[in-house]
Amino acid sequence: MFGFYRFACVSPVLKVADTAYNTEEIIRSAKIAASNGAAFVVFPELCITGYTCGDLFHQELLLQNSTRSLLKIAEDLKDCDSVVAVGLPLRIFGRLYNCAAFVQRGKVIAVTPKIHLPNQREFYEKRHFSSGRDLLRGACGASAGSVAGTVTCFIEGASEVPITNFITVSGRASGGLNCTSNNLNCASCSDGSEVRVGVELCEDLWTPAPPSGELALAGANVIVNLSASDALVGKRDYRRNLVMNQSARCMAAYVYASAGVHESTTDMVFSGHLMIAENGSMLAESKPFSRETEIVYADVDVERLNMQRLSEGSFQDFDSRAIIARAATLEGLRGCDTLQYRCVSPTPFVPGSLETRDTSCTEIFNIQCAGLAKRLEATRSKRAVIGLSGGLDSTLALLVVAETFKLLNRPAKEILALTMPGFGTTHRTRNNAVELAKLLGVELRTVDIRKACLQHFVDIGHDPQKFDVTYENVQARERTQILMDIANSEGGIVIGTGDLSEIALGWSTYNADHMSMYAVNCDIPKTLVRHIVSWYADRSVQNLNQTGAELSPSETGAHLETREKGAELAAVLRDILDTPVSPELLPADSNGQIAQKTESILGAYELHDFFLYHFAKYGASPEKLRYLAKYAFKGKHTDEEIDKALAIFIRRFFTQQFKRSCIPDGPKVGTISLSPRADWRMPSDASASDWL
């Protein structure tokens, strides 16, 4: 469903050189994984015999028994549609190879020999095995410049089996034809849910140029690694980083299964490290040193990987004919009916852990400040002019401006904040704007726009009691005119405050708050704006516990001189965080409270940011957006709320592109930007019909 496939990796209990015992445990574990919905089950390297057999690998009985075990595994799993990958020693063309074998529905469908054999310190694989490099090149019978076909080996009882480290899945092409991907012209190569598997064995990953890199360029979106990596101090973390980094470089899932504690401990110990990573993120990982059979699962989003490769990376620049020509083919692969082994964050733009919060927010803040500092220097601006409403966006923008001026060793008084009360301005937001400016030490001016707007209503013949779009936009444009004119008179530039969520939804007035001379928040979505302001408030309070009476300006990020001001700033920021998001363009209610609440009109910003993330970054369809949102927000937002917000998001995202086509400059902060000069180029008159 929607390109999700469940992968499992297993570190089974085993007895070294006892193929019968090991085979039964492999079959038992594979059936458990299959019953839990796993489409692909990966076991460790040489799991049928045990990795630590040593010179027993040169015993005829062990080699015969391991081959018989492979056939028994295939036979006993013939009613199972899962693909199972196991490790064993195999004789091919008179040499012994350390192999991965793949079985599905009673058949051995492929064999992959290990390429890189470790032969240093505690490892001496070249004593027993040959490298499979020549077999995998498929060079037999190929002339210069031609593409060789598949090399096969004969396994008694299994007939001819392809030797390959690239496995495709037969399936349904986008045009509706049934075909397999080892046809070079096959239309299913563009099927967004198709799985293509690349294979590595242990040491292959640890080399300067792992085979998975070439396999990924050829189209592999899942890499499986059958491994036997011993436990050393610090090696677990290093191994985890290898898997995560390789999955990121390959834009692939990486399924890693390593041998466990029941291998021989004559000279080393194995911890049974199991990992499933996806494009740099760890989806599942086992606990070390388990004495029982361990299985971990993850639901991998293959469709997401495929879509991301279309817009990122260099996957279109590689000649993959040689690899595709030797591919083996699976007879289908079952997708996930429901998500069970995957975390879908409801706030994908927000740092995921408290441990990384300070580092992430500091880096975001530094990017914003560096961008603004360069613009101020390049324009030789005497002042920065900013409209301060007492809302979230202008608050973050002012904090960035204050930090930037400190970075440039310029006084805070060169920052000019304008509060421009209109028909919907409340005492709460006005008071917070005044307090924030005072605490940051910037100049504050008040320009009441109501008189000018009433005159403008007269000039254009608009009834001031008609609270329509004209009523709202007159105020927004009046404020922008004031900001621009004062910036001209002061020799400054207007700092834009609008955020990425508003840009995506077009929630701005064209050529009013839509426009500025540098937009510091243009790549920060609303959920992240809230997170950063909260982080800034927390830091201000945390600094109260530091030794000494004075706060460090470099730590607070503003011109705070006393501990008391730190507490006051935190209090103001938290009240701003608690204030409903609103443009305050319609009159307040009878109690003087905000009546025009943005999220009551559009739906929750966390929903819109969620849609934006998966739509813009991964090209998710509306059906998939709806499915993911209902999974991520279960118990928080009803299906009706999600459906309504999604329809609004799609409609506004398409109809408001004309505003994005001429937005001002601003710094890219995350992986998603809607700047027409950078990440997003879209016709302003595109139809949303298919998406709706």
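Look above for the structure.
Not measured: the values here are computed from a predicted model.

With respect to unusual backbone geometry
Part 1 of the argument: Positive phi values are uncommon outside glycine, yet Ala-17 reaches one of about 75°.
Part 2 of the argument: Positive phi, normally seen in glycine, also occurs at Cys-202, with a value near 40°.
Part 3 of the argument: Turning to its location among the elements, Cys-202 is positioned in the loop between strand S11 (196-201) and helix H4 (211-217).

So, the sheet that holds strand S19 (residues 415-419)
Part 1 of the argument: Strand order across the open sheet formed by five strands is S20-S19-S18-S21-S22, with parallel pairing between neighbours. The open sheet has two edge strands with one neighbour each: strand S20 (443-446) and strand S22 (518-519).
Part 2 of the argument: Seen against the sheet, helix H8 (residues 354-379) touches strand S21 (492-496) and S22 and runs at an angle of roughly 155° to S21.

Some thoughts on helix H1 (residues 19-35)
Part 1 of the argument: A rise of 1.5 Å per residue sets the reference length of H1, with its 17 residues, at 24 Å; its end C-alpha atoms lie 24 Å apart and thus fit the reference within 8%.
Part 2 of the argument: Taken residue by residue, H1 has Thr-19, Asn-22, Thr-23, Glu-25, Ile-26, Ile-27, Ser-29, Ala-30, Ala-33 and Ala-34 as its buried positions.
Part 3 of the argument: Its buried side turned inward, H1 meets strand S1 (4-11), strand S2 (40-42), helix H2 (60-76), strand S3 (83-92) and strand S16 (294-301).
Part 4 of the argument: Directly after H1, the chain includes Gly-37, whose backbone phi takes a positive value near 90°.

Structural notes on the pattern of salt bridges
Part 1 of the argument: By the definition in use, this model includes 43 salt bridges.
Part 2 of the argument: Between Arg-127 and Asp-55 there is a salt bridge, with its nearest N and O atoms 2.8 Å apart. Note that Arg-127 is positioned in the loop between strand S5 (107-113) and helix H3 (133-137) and Asp-55 in the loop between S2 and H2, a separation of 72 residues in sequence.
Part 3 of the argument: Arg-127 sits in the exposed class, given a relative accessible area of 53%.
Part 4 of the argument: Measuring nitrogen to oxygen at the nearest pair gives 3.4 Å for the salt bridge that ties Glu-435 to Lys-438. Remark: Lys-438 and Glu-435 occur in helix H10 (residues 427-440); sequence separation between them is three residues, near one turn of the helix.

Regarding the packing of helix H18 (residues 605-618) against helix H20 (residues 639-655)
Part 1 of the argument: Contact geometry of H18 with H20 gives a least axis separation of 10 Å together with a crossing angle of 60°. In this view, H18 runs oblique relative to H20, as classed from their interaxial angle. Between H18 and H20 lies a crossing of right-handed hand. Contacts between H18 and H20 involve Leu-607, His-608, Phe-611, Leu-612 and Phe-615 from the former and Glu-641, Ile-642, Ala-645, Leu-646, Ile-648, Phe-649, Phe-653 and Phe-654 from the latter.
Part 2 of the argument: Residues belonging to the contact of H18 with H20 are distributed by class as follows: 11 nonpolar, one polar and one charged.

Topic: the nonpolar core
Part 1 of the argument: In terms of nonpolar packing, the biggest core is built from 46 residues, with Phe-365, Leu-436 and Ile-532 touching the most fellow members.
Part 2 of the argument: Elements with a minimum of two residues in this core: H8, strand S18 (383-387), helix H9 (392-407), S19, H10, S21, helix H14 (526-542) and helix H16 (563-578).
Part 3 of the argument: Of all the elements, H9 adds the most residues to this core, at nine residues.
Part 4 of the argument: Look past the residues within four positions of Phe-365 in its chain and what remains in contact with it is Leu-396, Leu-399, Val-400, Glu-403, Ile-532, Trp-535 and Tyr-536.
Part 5 of the argument: Ranked by size, the runner-up nonpolar core spans 44 residues in total, among them Leu-500, Cys-522, Tyr-618 and Leu-625.

Remarks on the side chain of Lys-526
Part 1 of the argument: Along the chain, the position of Lys-526 falls in helix H14.
Part 2 of the argument: Judged by relative accessible area, Lys-526 falls into the buried class, the value being 4%.
Part 3 of the argument: Within the structure, Lys-526 has its side chain in polar contact with the side chain of Asp-393 (distance 2.9 Å).
Part 4 of the argument: For Lys-526, the contacting residues outside a window of four places in its chain are Asp-393, Asp-499, Ser-501, Glu-502, Val-581, Tyr-605 and Asp-609.

Focus on the packing of aromatic side chains
Part 1 of the argument: Per the counting criterion, the structure on display carries 27 aromatic pairs.
Part 2 of the argument: An angle of 75° between the planes, with centres 6.3 Å apart, marks the rings of Phe-610 and Phe-611 as edge-to-face.
Part 3 of the argument: Considering the side-chain rings of Phe-611 and Phe-649, the 5.9 Å spacing of their centres and the 50° angle between planes classify their relative orientation as tilted. Placement of Phe-611 in helix H18 and of Phe-649 in helix H20 is noted, with a sequence separation of 38 residues between them. Assigned by exposure class, Phe-611 and Phe-649 land together as buried.

About the cut-offs
Residues numbered from 1 in each chain as written. Predicted model: local features only at pLDDT ≥ 70, side-chain atom pairs only at ≥ 80, totals over all residues. Heavy atoms only, no water. Helix = DSSP H or I, 4+ residues; strand = E, 2+ residues; numbered from the N terminus. Pairing = 2+ DSSP bridges. Contact = heavy atoms within 4.5 Å. Axes fitted to C-alpha atoms, helices over the stretch in contact; angles between N-to-C directions. Expected span 1.5 Å × (residues − 1). Buried < 20%, exposed > 50% of the residue type's maximum accessible area, 1.4 Å probe, protein only. Salt bridge = Lys/Arg side-chain N within 4 Å of Asp/Glu carboxyl O. Parallel < 35°, antiparallel > 145°, perpendicular 65-115°, else oblique. Left-handed = near helix turned anticlockwise from the far one by under 90°. Nonpolar A, V, L, I, M, F, W, Y, C, P; charged D, E, K, R; others polar. Core = buried A, V, L, I, M, F, W, Y, C linked by side-chain atoms within 4.5 Å. Polar contact = N/O pair within 3.5 Å; in protein donor to acceptor, adjacent residues only side chain to side chain. Phe/Tyr/Trp six-rings, centres within 6.5 Å; stacked < 30°, edge-to-face > 60°.

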